[in-house]
Amino acid sequence: MSEIGGSDLFVLEFGDILHYYTPYTTTLFVLALIFTGLAILSRPEGQVDIAFGGDAYYAKETAVSEMRFRRFMTIACGLATMGAMGSGDIFNFTLFASLVGITNVGIVAAVKSRHVLDAAYEYGIVAMVATLPLFGGAALILATTGTLSIPALAAGGFAVPPIGKALLALGVIGEGMAPFYAAKAEMFRAPGAPYVIMCSLSSLLIFLRVVEIAITI
Amino acid sequence: MLIITRISRFVSNFQNLVALFAGACIIISLAGILSLPLGFEEQQLYPKTLDPASSLYPYDRGGVPFGTTEVVVQYPENSPYAGYVTAYLTPLSQYLADHTHYLGTTIVAHPGGIIDEILYNTRGLDTVVETSILFAAFAIASYLFRREVK
Amino acid sequence: MIADYSIGLLVAFASAGVAFFALMRETDGLHRLLLTDLIEVVTLAFIALVGTDLAEALILPGLVVGVSELIALSEIYRVKEGYVRPPAAGLQIEVMESAPGILAAILVVYGIVLSGFSGGAVAGLGVIFYFLSRSHSERFELIETASGYSWVLWIVAFFVFMLLPEYWFFAVMLAGSAILVKVMAKMSLIGTMRGGPDV
């Protein structure tokens, strides 16, 4: 086994599920915490459309209820990301990743625009079918090793099948869509800057975390 | 046209995203079939033991109500009271267990039992996250629904 | 045992491949949403293959994640396609006037006896049926608030288990009844989601 995260700084025990924080995951956790704080404090950007060929421009209004809903989803997304960073149990991690996926869809789905809703729907379908590789990978690891705890798996003595790790990584890609930045640009047309950034940040963080898990176990 | 241009054009259209992800999953499924057979670890947590004669079949894990019973948990030191919920039966389910042989079909729905032990106690955080997912999904649905109505 | 597991995995991987192939070929939005169910079933098969009590307990979160994402996605689909109102005012059959009260009462009482998640589902089914057959004038937000508070009670029960394990009995009862109210409220809201003036 290889410890890329460093030694444990802090362990939180919830029965069979441990949350542990190594220097690596603590860094990611603090990043998620700072961004959640920023999302709570900041005000949404006001988008301005400029009419081509003239001096006219329109300011897009963001309704208060929409703003509040998207802020709620952003905070939920931040909390889910923080949970996923510390989780020391594979199945628990996959559940946090699913929560990140659904709140990401929620952040964009509140926008009243046909184009953005189309994109949100496609991402939602991907996030939904990504539960197969996620839970499938966790179940495969449970069946072949007899445990789900990451510290126990990292202690050695278990032969984790590579296909289980591959399924887990693919599932997290589906939930976070981290490599699909080209397609994700569609989301940035949605007004409301700090909230949309949270989508990208959370997917990046859970992707970094699953790499650490795949190497550690 | 360069091949890279074609690929990036395909990826940039979000209508193709589902097809792309499904294709990746097909490849992984094929890899999964090729990696068979996989060995099944016999030392599992929370193993199933079956006793068809018991009225709690297939959920009979032994123990008396308000006493403890043996449960194979990952970290026994974190759950000193593991086993109490497993052995507990409500008065109604105790009555059913004493008089019929079919409590096993409905015990999952009554408080107490091994499934409640796992869901509420030892792996309670899983259920907390799970209900939060339900909460978030429902918040999205009801927000969209109510905005339409107004 | 070892051979059995590998055969099961073979079937599960093959069905996953078929399901994803169907999803890849499908281009219609609604059909894609329906095909995701095919994939959810294979997910549950993967978990069920482990065959321990733990697997049985893990199926519940797996199922709930699929169902809740389905709720959110179908609402997004409805909004994006602009379907606003149901086409007709519902069925006008005599039995829909008399039966709902009795059936709903039986299902709710049985659900409360069962308690917990499945009890909530049974009781919620009764309430859905009642709201679907009758015209409703209840407060949408009120049910939502009840559901939110029961979620908090559920979290309280979790912390009792973690911090004060000697009160396990209190925590089991609290969790069982909180999740009953929560699931029932959520399901009954689905019954009211038909549009209409009073929601």
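Computed from a predicted structure; not experimentally measured.

Let us look at the overall build of chain A. When its secondary structure is counted, chain A shows 9 helices and 4 strands. Ordered by position in the sequence, the α and β elements of chain A form the string β-β-α-β-β-α-α-α-α-α-α-α-α. Taken over 217 residues, chain A has a buried fraction of 62%. Residue pairs in contact within chain A that sit at least 24 positions apart in sequence constitute 71% of those at least 6 positions apart. As presented, chain A carries roughly 7,700 Å² of accessible surface, and 66% of it is formed by carbon and sulfur atoms.

Once that is clear, we can look at the nonpolar core. If you look at the biggest cluster of nonpolar residues, it comprises 142 residues, and the most contacted ones within it are Ile90(A) and Phe20(C). At 13 residues, helix 3 (residues 90–109) of chain A tops the list of elements feeding residues into this core. Ignoring anything within four residues of it in the chain, the contact list for Phe20(C) reads Val129(A), Leu132(A), Ala22(B), Cys25(B), Ile26(B) and Ile39(C). If you look at the next biggest cluster of nonpolar residues, it comprises 6 residues, including Ala141(B), Ile71(C), Ala185(C) and Leu189(C).

In this section: the interface of chain A and chain B. Taken residue by residue, the interface counts 58 residues in chain A and 42 residues in chain B. Approximately 4,100 Å² of surface area, both sides summed, lies buried where chain A meets chain B, with 72% of it carried by carbon and sulfur atoms. The tally of links between chain A and chain B comes to 1 salt bridge. For Arg123(B), the salt bridge goes to Asp89(A), with nearest N and O atoms at 2.8 Å.

Before going further, it helps to spend a moment on the layout of surface pockets. Its boundaries defined by the atoms lining it, the largest pocket holds a volume of some 770 Å³. Those elements that place two or more of their residues in the lining of the largest pocket are helix 2 (64–86) of chain A, helix 6 (124–149) of chain B together with helix 6 (140–163) of chain C. A per-class count over the lining of the largest pocket returns 8 nonpolar, 5 polar and 8 charged. As a volume, the second largest pocket reaches approximately 610 Å³. Taken together, 24 residues form the lining of the second largest pocket, with Leu79(A), Ala80(A), Phe96(A), Val128(B) and Ser132(B) sitting closest to its centre.

All names here are of chain B. Here the amide bond leading from Leu36 into Pro37 is cis, since omega sits at -5°, within 30 degrees of zero. In this structure, Pro37 sits in the loop between helix 2 (17–34) and helix 3 (84–87). Positioned with a positive phi, Tyr46 is a non-glycine residue whose angle comes to about 45°. Its place among the elements puts Tyr46 in the loop between helix 2 and helix 3. By relative accessible area, Tyr46 is classed as buried at 2%.

So, on to the pairing of strand 1 (residues 10–14) of chain A. All names here are of chain A. With 5 bridges connecting them, strand 1 and strand 2 (residues 17–21) associate as antiparallel partners. Directly across from Glu13, in strand 2, lies its bridge partner Leu18. In this structure, the hairpin formed by strand 1 and strand 2 is closed by a connection of 2 residues, where Gly15 is found at a positive phi of approximately 60°.

What the rule picks out here adds up to 14 aromatic pairs over all chains. Seen from their ring centres, Phe135(B) and Trp151(C) are 4.8 Å apart, and the 10° between their planes marks the pair as stacked. Here Phe135(B), found in helix 6, pairs with Trp151(C), found in helix 6, and the two come from separate chains. Between Phe158(C) and Phe159(C) the ring centres are 5.3 Å apart and the planes differ by 70°, which places this aromatic pair in the edge-to-face class. When its relative accessible area of 4% is taken as the criterion, Phe158(C) is described as buried. Taking relative accessible area as the criterion, Phe159(C) reaches 38% and is therefore assigned partly exposed.

So, about the pattern of salt bridges. With the rule as written, the count across this model stands at 9 salt bridges over all chains. Arg78(C) serves as the salt-bridge partner of Glu75(C), at 2.8 Å between the closest nitrogen and oxygen. One end of the pair is Glu75(C) and the other is Arg78(C), both in helix 3 (residues 53–81) and 3 residues apart, which spans about a single turn. Take Glu75(C) and Arg78(C): they sit in the same class, and that class is buried. Connected through salt bridges with shared partners, the residues Asp89(A), Arg123(B) and Asp126(B) form a single ionic network.

Glancing now at the confidence of the model for chain A. Taken over all residues, the pLDDT of chain A has a mean of 81, while the share at 70 or more is 86%. The least confident element of chain A, judged by mean pLDDT, is helix 8 (residues 181–184) of chain A at 51; the most confident is helix 5 (residues 131–145) of chain A at 91.

Turning our attention to the interface of chain B and chain C. Listed per partner, the contact involves 66 residues of chain B and 73 residues of chain C. Between chain B and chain C lies a buried interface of about 6,300 Å² when both sides are counted; carbon and sulfur atoms form 75% of it. The tally of links between chain B and chain C comes to 2 salt bridges. Residue Asp53(C) is joined to Lys48(B) by a salt bridge in which the shortest nitrogen-to-oxygen separation is 2.9 Å. For the pair chain B and chain C, the number of links is 5 residue pairs in polar contact (both at pLDDT 80 or more). Only helix 2, helix 3, helix 5 (114–122) and helix 6 of chain B provide two or more residues apiece to the side of chain B that touches chain C. With 22 residues, the top contributor of residues to the side of chain B that touches chain C is helix 6 of chain B. Class assignment for the residues of the side of chain B that touches chain C results in 41 nonpolar, 16 polar and 9 charged.

Calculation notes
Residues numbered from 1 in each chain as written. Chains lettered and ligands numbered in written order. Predicted model: local features only at pLDDT ≥ 70, side-chain atom pairs only at ≥ 80, totals over all residues. Heavy atoms only, no water. Helix = DSSP H or I, 4+ residues; strand = E, 2+ residues; numbered from the N terminus. Buried < 20%, exposed > 50% of the residue type's maximum accessible area, 1.4 Å probe, protein only. Contact = heavy atoms within 4.5 Å. Areas by Shrake-Rupley, 256 points an atom, 1.4 Å probe, with all protein chains shown as cover. Core = buried A, V, L, I, M, F, W, Y, C linked by side-chain atoms within 4.5 Å. Buried area = accessible area lost by both parts, 1.4 Å probe. Salt bridge = Lys/Arg side-chain N within 4 Å of Asp/Glu carboxyl O. 1 Å grid on protein atoms, 1.4 Å probe; cavity = no way out; pocket = protein on both sides within 12 Å on 5 of 7 lines; lining within 4 Å. Points joined across faces, edges and corners; volume = space filled by probe spheres on them. Nonpolar A, V, L, I, M, F, W, Y, C, P; charged D, E, K, R; others polar. Pairing = 2+ DSSP bridges. Phe/Tyr/Trp six-rings, centres within 6.5 Å; stacked < 30°, edge-to-face > 60°. pLDDT = per-residue confidence, 0-100. Polar contact = N/O pair within 3.5 Å; in protein donor to acceptor, adjacent residues only side chain to side chain.

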